[in-house]
Structure formats: C-alpha cells, structure tokens
Amino acid sequence: MYCPKCDMEFIDRITVCTDCGGPLVESEAAAKAMKEKEQQELLLKQQEYLDRLNQQLEEMQDGESNVHLDAVIPRPAKVYETKAEKYQDLKSSAWAFLVVGGLLLGAGAVCWMGIINLPMTGISKLIFQGALTVMGIFSMAVYFSTARSARRLQPEIHKEKQQTEELIAWFSDNWKASDIDMEIEDRESLSEEEMSLKRFQIIQDYLITGKDLPDPAYVDALCEEIYGRLFES
C-alpha cells in the first residue's frame, strides 16, 4: 500500500495514511499514475486561469470593469513543498513515531514482566497490556516505513536544488527584465500591481513552454524566485 500524497509505503491491511489521513492506493505505480493525472488537470486549470486573468486585465484597461484585483486573482491551489522541506517533515514524523513506539513497547514490557502492577486483573489486564504492545509495534512499523521514505528522498534534495539553479540560470541567460517588459503592451497605462502580474504571467509562460514543467506549484515557486532576482534585487 502506498500514500500518493506523502510518498510513503505501508504494510498490508492499512488503508489510511497515518501522516496525512488520506486514502492509500495499491502500489507506487498507481500513485504515480494518479499524480500524473492530477498534474494534467492542474495544467488545464492553470491555462484557464491565465486566460481569465488576461481577459479581466484587458477589461480593466478599457475601463469596463472596476473589479478589484483580489477578487479577480484566486489564491494558489497549493504551495510548493521542496524536497528538503518534505524530507524534514518525514524525518520529524519518523522520530515522533519512534519515541511513541519506544514508550509504548517499554510500558508494555514492564507490565508483562510484572514490574508495574496494573489495577486490573484477568482478561482486562491482558487486553490492556496487549493493546500497549500492538500500538507500540504499529508505531515502530510506521517509523521504519517513514524513515525509509525519508532516506529515499534524501538523494533527490541536491538534484532538485541543482535543477532549480539550472532553470533559473537558463532563464537569466535568455531573458532580462527589459525583455519581459518589452512584451507588455501599454506599459505606461498600467499600475505597478498590473505590471507585476503581467511580468509574472510572461515568466510563467516562458517556463511552461520552454521547459515543459509538469508541476504548476513548482512553476509558481520558480516564477517567484526569478521575478525577485530580475525586478527586486
């Protein structure tokens, strides 16, 4: 079983991710297929968003709309989480399950050995001690699974950072701030906020068409970094 959101494997008979609470799929391949489908849907939504944004800006320039920009531009669907951030989240979750599992197994062990006498007898005592042990084993299993996912993700951190720097360098080598501004019509009539949106849209289009990046959230993160280097540095 595999969680498509957290990229974590689970033992059989578990149907819900212990990290995010989402449903599991039958394999990593199925999770990848699901992600590819979601990415395609996000790209279609992104194109619709860009078309709608362009139309709204044109209407505002023509004086046909007084809609405030906050009402025109929706919030991003999600914020991109880097491999490094995801690795730290997995690592923190793994340590949390390790601590909990260790405490539960330790408590169960001292109860089974009679070091601690519980205020119960018979079947109730056996059930309680068994529950402690089972929960401890389950927590340790989740720890090993989460730690394994974190270890598999660790080599990708440097790869992602290198890819990001290469993409930013590629963009900087091909376009300057003045090149982007030259693509904007009627620059004198636009407000600073409208200029920023136009610039962001152009950077976004260059990245999508030039590098065919599948993740819109990653594209947005790249756009913010490139925009900051070109216009805010």
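Rules used throughout
- Residues numbered from 1 in each chain as written.
- Predicted model: local features only at pLDDT ≥ 70, side-chain atom pairs only at ≥ 80, totals over all residues.
- Heavy atoms only, no water.
- Helix = DSSP H or I, 4+ residues; strand = E, 2+ residues; numbered from the N terminus.
- Buried < 20%, exposed > 50% of the residue type's maximum accessible area, 1.4 Å probe, protein only.
- Contact = heavy atoms within 4.5 Å.
- Areas by Shrake-Rupley, 256 points an atom, 1.4 Å probe, with all protein chains shown as cover.
- Core = buried A, V, L, I, M, F, W, Y, C linked by side-chain atoms within 4.5 Å.
- Expected span 1.5 Å × (residues − 1).
- Phe/Tyr/Trp six-rings, centres within 6.5 Å; stacked < 30°, edge-to-face > 60°.
- Salt bridge = Lys/Arg side-chain N within 4 Å of Asp/Glu carboxyl O.
- Axes fitted to C-alpha atoms, helices over the stretch in contact; angles between N-to-C directions.
- Parallel < 35°, antiparallel > 145°, perpendicular 65-115°, else oblique.
- Left-handed = near helix turned anticlockwise from the far one by under 90°.
- Nonpolar A, V, L, I, M, F, W, Y, C, P; charged D, E, K, R; others polar.

1. Considerations on the overall build of the protein
Point 1. Scanning the protein for helices and strands turns up 7 helices and 2 strands.
Point 2. In sequence order, the protein lays out its α and β elements as β-β-α-α-α-α-α-α-α.
Point 3. Taking all 233 residues of the protein together, the buried fraction comes to 34%.
Point 4. At a minimum sequence separation of 6, the contacts of the protein that also span at least 24 residues come to 62%.
Point 5. Summed over all atoms, the accessible surface of the protein reaches about 14,500 Å², with 55% contributed by carbon and sulfur.

2. Re the nonpolar core
The tendency in soluble globular proteins is for nonpolar side chains to be buried as a group.
Point 1. Of all hydrophobic cores here, the largest spans 21 residues; its most connected members are Phe171, Ile203, Leu207, Leu213, Tyr218, Leu222 and Ile226.
Point 2. Counting only elements with at least two residues in this core, the list comes to α4 (122–174), α6 (192–211) and α7 (216–232).
Point 3. In terms of residue count, α7 provides more of this core than any other element does, 7 residues in total.
Point 4. Leave out the neighbours within four places in its chain, and phenylalanine 171 touches Ile180, Ile203, Tyr206, Leu207, Ile226 and Leu230.

3. Some thoughts on α7
Point 1. The end-to-end C-alpha distance of α7, which contains 17 residues, comes to 23 Å, matching closely the 24 Å that a straight helix rising 1.5 Å per residue would cover.
Point 2. Every buried residue of α7 is accounted for by Pro216, Ala217, Tyr218, Val219, Leu222, Cys223, Ile226, Tyr227 and Gly228.

4. With respect to the packing of aromatic side chains
Point 1. Taken as a whole and assessed by the stated rule, the structure comprises 7 aromatic pairs.
Point 2. Judged by centre distance (5.3 Å) and plane angle (80°), the rings of tryptophan 170 and tryptophan 175 are edge-to-face.
Point 3. A relative accessible area of 21% means that tryptophan 170 is categorised as partly exposed.
Point 4. Considering the side-chain rings of phenylalanine 171 and tyrosine 206, the 6.1 Å spacing of their centres and the 45° angle between planes classify their relative orientation as tilted. With phenylalanine 171 in helix α4 and tyrosine 206 in helix α6, the pair connects residues that are 35 residues apart, well separated along the chain. For the pair shown, phenylalanine 171 and tyrosine 206 are each scored as buried.

5. What about the pattern of salt bridges?
Point 1. Taken as a whole and assessed by the stated rule, the structure comprises 7 salt bridges.
Point 2. Residues glutamate 9 and arginine 148 are paired through a salt bridge, measuring 3.3 Å at the closest nitrogen-oxygen approach. Of the two residues, glutamate 9 sits in strand β2 (residues 8–9) while arginine 148 sits in helix α4, which places them 139 residues apart along the sequence.
Point 3. For arginine 229, the salt bridge identified is with glutamate 225, shortest N-O distance 2.9 Å. Of the two residues, arginine 229 and glutamate 225 both sit in helix α7, 4 residues apart, roughly one turn of that helix.

6. Notes on the packing of α4 against α6
Point 1. Where α4 meets α6, the axes come as close as 12 Å, and the angle between the chain directions of the two elements is 110°. The angle between α4 and α6 places the two elements in the roughly perpendicular class. The element α4 and its partner α6 pack so that their crossing is right-handed. On α6, the residues touching Leu167, Trp170 and Phe171 of α4 are Ile203, Tyr206, Leu207, Gly210 and Lys211.
Point 2. Across the contact of α4 with α6, the residue classes break down as 6 nonpolar, 1 polar and 1 charged.

Keep in mind that these numbers describe shape and distance, not what the molecule does.
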